[in-house]
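Below, each chain spelled out in residue letters.
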Amino acid sequence: MVSGFGPALKGWRERRRLSQLELALRAGTTQRHVSFLEGGRSIPGRGLVLRVAESLELPLRERNGLLLAAGFAPGFPETDLDDPAVKPVLDGMRRLLDGHRPYPAIVVDRYGVLVARNDALDLLFEDVAPELLEEPVNTLRLALHPKGMAPRVRNLADWARHILERLTQEIAHAPDERLAALLAELESYVPEPGPPGPDHLGFAVPMRLSTSAGELRLITAITTFATAADVTVSELKLETFLPADAETAAILTR
């Protein structure tokens, strides 16, 4: 009898708001079998666990957790960032960072910890408290902390809502205690959000940041490795900042 797998499977299915029949159809099995798996009356094979995890659209870290709960070894490696195997990925990302100049760009992990950056970030990070720039640098904390960028963000309420909502969605998709603790910390830094403000472009909310070179209006785009087969690589995010107007582009180009 496999302990832990049944409750884990049921928890993920309910979190995804799927019926047993819907999950069965996606995973190529029967509703009866799914019911038996959740109740501990059937023991899943490794292949079925992977099919179920794929059907539930679980991140690789959570797929490993489901395999462990079923009594199997993890199916996806979790490689350290300083491992030579990850070097081609990081080198490629650094080339993207350099290619994005003169506009800012960063690479962060699942928790917003800075992995790599280009030198255009200097303008965004000016006047930030030195302790917030000590390794490991958490970019989410840096953005909203009273000693970070927050005092210079002209539309902090809207920008903070953007960050907090995105983090809330990530936790809803894949619950994580460390991420939840970070969300609670970030929420304590910003006032209770009001209704959305008028400062938007129709398709995105720009960050309005006061700098020594003038006010910047930046929108962000996030890129991930959709085909990653390594937990660490799958959780890396390339976040690029794009000018929202000609004035910002000119300032960054200078």
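Thresholds, definitions, all that
- Residues numbered from 1 in each chain as written.
- Predicted model: local features only at pLDDT ≥ 70, side-chain atom pairs only at ≥ 80, totals over all residues.
- Heavy atoms only, no water.
- Helix = DSSP H or I, 4+ residues; strand = E, 2+ residues; numbered from the N terminus.
- Buried < 20%, exposed > 50% of the residue type's maximum accessible area, 1.4 Å probe, protein only.
- Contact = heavy atoms within 4.5 Å.
- Areas by Shrake-Rupley, 256 points an atom, 1.4 Å probe, with all protein chains shown as cover.
- Expected span 1.5 Å × (residues − 1).
- Arc of directions from axis to C-beta.
- Polar contact = N/O pair within 3.5 Å; in protein donor to acceptor, adjacent residues only side chain to side chain.
- Core = buried A, V, L, I, M, F, W, Y, C linked by side-chain atoms within 4.5 Å.
- 1 Å grid on protein atoms, 1.4 Å probe; cavity = no way out; pocket = protein on both sides within 12 Å on 5 of 7 lines; lining within 4 Å.
- Points joined across faces, edges and corners; volume = space filled by probe spheres on them.
- Nonpolar A, V, L, I, M, F, W, Y, C, P; charged D, E, K, R; others polar.

**Things to note about the overall build of the chain**
Piece 1. Counting its secondary structure elements, the chain contains 12 helices and five strands.
Piece 2. With the C-alpha coordinates of the chain rotated into their principal frame, the extents come out at 65 × 45 × 30 Å.
Piece 3. Classification of the 254 residues of the chain by burial places 47% in the buried group.
Piece 4. Considering only residue pairs separated by 6 or more positions, the chain has 59% of its internal contacts joining residues 24 or more positions apart.
Piece 5. When the accessible surface of the chain is totalled, it reaches about 13100 Å², and 54% of it is carbon and sulfur.

**So, helix H10 (residues 177-189)**
Turn by turn, an α-helix covers 3.6 residues, leaving residues three or four places apart pointing in a common direction.
Piece 1. Taking 1.5 Å as the rise per residue, H10 with 13 residues should run 18 Å; its terminal C-alpha atoms sit 19 Å apart, in good agreement.
Piece 2. Residues of H10 that are buried include every one of Leu179, Leu182, Leu183 and Leu186, and no others. Taken around the axis of H10, the buried residues stretch over an arc of 105°, which confines them to a single face. Turned more than 90 degrees away from the buried face of H10 sit Glu177 and Ser188, all of them exposed.
Piece 3. On its buried face, H10 is in contact with helix H8 (139-144) and helix H9 (156-173).
Piece 4. If you check the start of H10, you find a side-chain oxygen 2.9 Å away from the backbone N of Arg178, and it comes from Asp176.

**Let's talk about the nonpolar core**
Piece 1. Residues Leu124, Leu144, Met149 and Met207 are the most contacted members of the largest nonpolar core, which totals 39 residues.
Piece 2. The set of elements that each furnish at least two residues to this core consists of strand E1 (105-108), helix H7 (121-125), H8, H9, H10, strand E3 (207-211), strand E4 (214-224) and helix H12 (246-253).
Piece 3. No other element matches the seven residues that H9 contributes to this core.
Piece 4. If we skip the residues at most four places from it in the chain, Met149 touches Leu124, Phe125, Val128, Leu142, Ala143, Met207 and Leu209.
Piece 5. Listed in part, the 20 residues of the second largest apolar core include Phe5, Ala53, Leu56 and Leu67.

**Comments concerning the layout of surface pockets**
Piece 1. The space that makes up the largest pocket amounts to roughly 500 Å³.
Piece 2. For the largest pocket, the lining is made up of 16 residues, of which Pro59, Leu60, His173, Ser234 and Glu235 are closest to its centre.
Piece 3. At the level of secondary structure, the elements contributing two or more residues to the lining of the largest pocket comprise helix H5 (60-69) and H9.
Piece 4. When the residues that make up the lining of the largest pocket are grouped by side-chain class, the tally is eight nonpolar, three polar and five charged.
Piece 5. Taken together, the residues that form the lining of the second largest pocket break down as three nonpolar, two polar and seven charged.

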